[in-house]
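# Inside the fold
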Amino acid sequence: FRLNDHFTEQVSNSYGAFLSGTWHVTDRLNLTGGLRFAYDKKDYQQTENASGNFVPAPGTTSTFVESDDSWNEIDYRGTIDYHFTPDVMAYATISKAYKAGQYSFSIIDRVPGPDQSGDFIRTIPPEKVKNYEAGLRITALDGRLRFNPTGFFMQWTNRQAATQVTCTTSPSCPLGFEIRVINTGDVDLYGGELDMQVALTDDFYIDASGAYIRYDLKDEAVNGGPNLYPDVPEITFNVGANYRLDA
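The structure presented is a predicted model; accordingly, all values stated were derived computationally and were not measured. (Residues numbered from 1 in each chain as written. Predicted model: local features only at pLDDT ≥ 70, side-chain atom pairs only at ≥ 80, totals over all residues. Heavy atoms only, no water.)

### A look at the overall build of the protein chain
The test is simple: Secondary structure elements follow DSSP: runs of H or I no shorter than four residues count as helices, runs of E no shorter than two count as strands, and numbering proceeds from the N terminus. Two residues form a contact once any of their heavy atoms are found within 4.5 Å. Computed by Shrake-Rupley with a 1.4 Å probe, the accessible areas treat only the displayed protein chains as cover when residues are assessed. In this tally, Asp and Glu contribute negative charge and Lys and Arg positive charge; neither His nor the terminal groups of the chain are included. Think of each charge as sitting on NZ of Lys, CZ of Arg, CG of Asp or CD of Glu.
Per the secondary structure count, the protein chain includes one helix and 12 strands. Walking the protein chain from its N terminus toward its C terminus, one meets helices and strands in the order β-β-β-β-β-β-β-β-β-β-β-α-β. Partitioning the intrachain contacts of the protein chain with sequence separation of at least 6 by distance along the chain shows that 63% fall at a separation of at least 24. For the protein chain, the accessible area works out to roughly 15,300 Å², and carbon and sulfur atoms hold 56% of it. Within the protein chain, one finds 20 positive and 33 negative side-chain charges whose respective centroids are separated by 2 Å.

### With respect to the nonpolar core
Rules: We call a set of buried residues a nonpolar core when its members are Ala, Val, Leu, Ile, Met, Phe, Trp, Tyr or Cys and they connect through side-chain atoms within 4.5 Å of each other. Buried residues are those whose accessible area, probed at 1.4 Å on protein chains only, stays under 20% of the maximum for their type, while exposed residues exceed 50% and partly exposed ones sit between those limits.
Membership of the largest hydrophobic core is limited to nine residues, which are Val129, Phe152, Trp156, Val187, Leu189, Ile213, Leu217, Leu228 and Val232. At the level of secondary structure, the elements contributing two or more residues to this core comprise strand E7 (145–157), strand E10 (187–199) and strand E11 (204–217). Residue contacts for Val129: discarding those within four places in its chain leaves Ser95, Lys96, Ala97, Met154, Gln155 and Trp156. Of all hydrophobic cores here, the second largest spans seven residues; its members include Phe54, Tyr103, Ile107 and Ile121.

### Some words on the pairing of strand E6 (residues 127–140)
Filter applied, for reference: For two strands to be treated as a pair, DSSP must find no fewer than two bridges joining them.
Strand direction decides the pairing type here: strand E5 (residues 88–99) and E6, joined by 12 bridges, are antiparallel. Counted as the bridge partner of Tyr91 is Gly135 from E6. Pairing of E6 with E7 involves 11 bridges; the strand directions are antiparallel. The residue bridging Lys128 from the neighbouring strand is Thr157, located in E7.

### Things to note about a nonpolar patch on the surface
The condition that has to hold: Patch membership requires more than 30% relative accessible area and the absence of a salt bridge. Residues of like charge join within 9 Å; the nonpolar side chains Val, Leu, Ile, Met, Phe, Trp and Tyr join within 5 Å. Here, a salt bridge means any Lys or Arg side-chain nitrogen found within 4 Å of an Asp or Glu carboxyl oxygen.
On the surface, Trp23, Val25, Leu31 and Ile80 cluster together into a nonpolar patch covering about 350 Å² of accessible area. By the secondary structure assignment, Leu31 is in strand E3 (residues 29–49).

### Regarding the layout of surface pockets
One simple way to see leftover space: roll a probe sized like a water molecule over the atoms. Keep this limit in mind: The method works on a 1 Å grid over the protein atoms by themselves. A cavity is a set of points holding a 1.4 Å probe that cannot get out, a pocket is an open set with protein on both sides within 12 Å along at least five of seven lines, and residues with an atom within 4 Å of a point line them. Grid points are joined across faces, edges and corners, and a volume is the space filled by probe spheres set on the points. Asp, Glu, Lys and Arg are counted as charged, while Ala, Val, Leu, Ile, Met, Phe, Trp, Tyr, Cys and Pro are counted as nonpolar; the rest, among them Gly, fall into the polar class.
Considering only enclosed or pocket space, the second largest pocket measures out at about 170 Å³ in volume. Taken together, Ser104, Phe105, Phe120, Ile121, Arg122, Thr123, Ile124, Val165, Arg180, Val181, Ile182 and Asn183 make up the lining of the second largest pocket. Tallied by class, residues from the lining of the second largest pocket come to seven nonpolar, three polar and two charged.

### Concerning the side chain of His6
Operational definition: Under the rule applied, a polar contact is a pair of N or O atoms within 3.5 Å (in protein, one hydrogen donor and one hydrogen acceptor; residues adjacent in sequence only if both atoms are side-chain atoms).
Summarising the element assignment, His6 is placed in strand E2 (residues 6–24). Take His6: its relative accessible area is 18%, and that puts it in the buried class. Within the structure, His6 has its side chain in polar contact with the side chain of Thr8 (distance 3.4 Å).

### Here's the deal with the environment of Ile124
Tracing the backbone through its elements, the reader meets Ile124 in the loop between E5 and E6. Taking the C-alpha atoms as reference points, Ile124 and Gln102, 22 residues apart in sequence, are found 5.3 Å from one another.

Structure follows, in structure tokens:
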């Protein structure tokens, strides 16, 4: 990322290995499980030149900082599904996902680069999500109707998001605040989803979906307020229709 007086470079390397399998316990009951190991490493460099908004250390015309960090994590997924009939299936699943930590740093005025490099630059911790989900998958009317209700509960920890951060008014922070990606704390999300499709004729069908989502912030102060940003709409829906014409 380059501006006239500012250059940031971040090199990310990610490695992973995963394993997944399904056990057909009976002709109706299935158990599926999976594991994924991830390793991420990031190398970070930033240079800022003297300008009207930045004053480097005395006797220099620019400040250069660098740092590196790495993370590793094991994610998983487990699912049980049961087919009551060929057209009705119920399932429940639990899964965990992770997003590597990242850098979000502004060089400090009048401080030599080596003094604000390495461990001085604290990374944003990895973001993790645990998802608990259950639902039905239903087909009816000789395949003309598809009906899929789902309920979920998500535990989101160390959520990474852009927010307004207060800073001391100075040449490098003329407005008294700046936008940074930070750890905005933990939040639980819960709700339900429904999607369906009905074929009115062989060529004309209607599809619709909707969702209801609520959230519970664990620490409004860490989040920077009572609302998520980007926001999560409480109610969403869409309706569409398709008609197939023979060429």
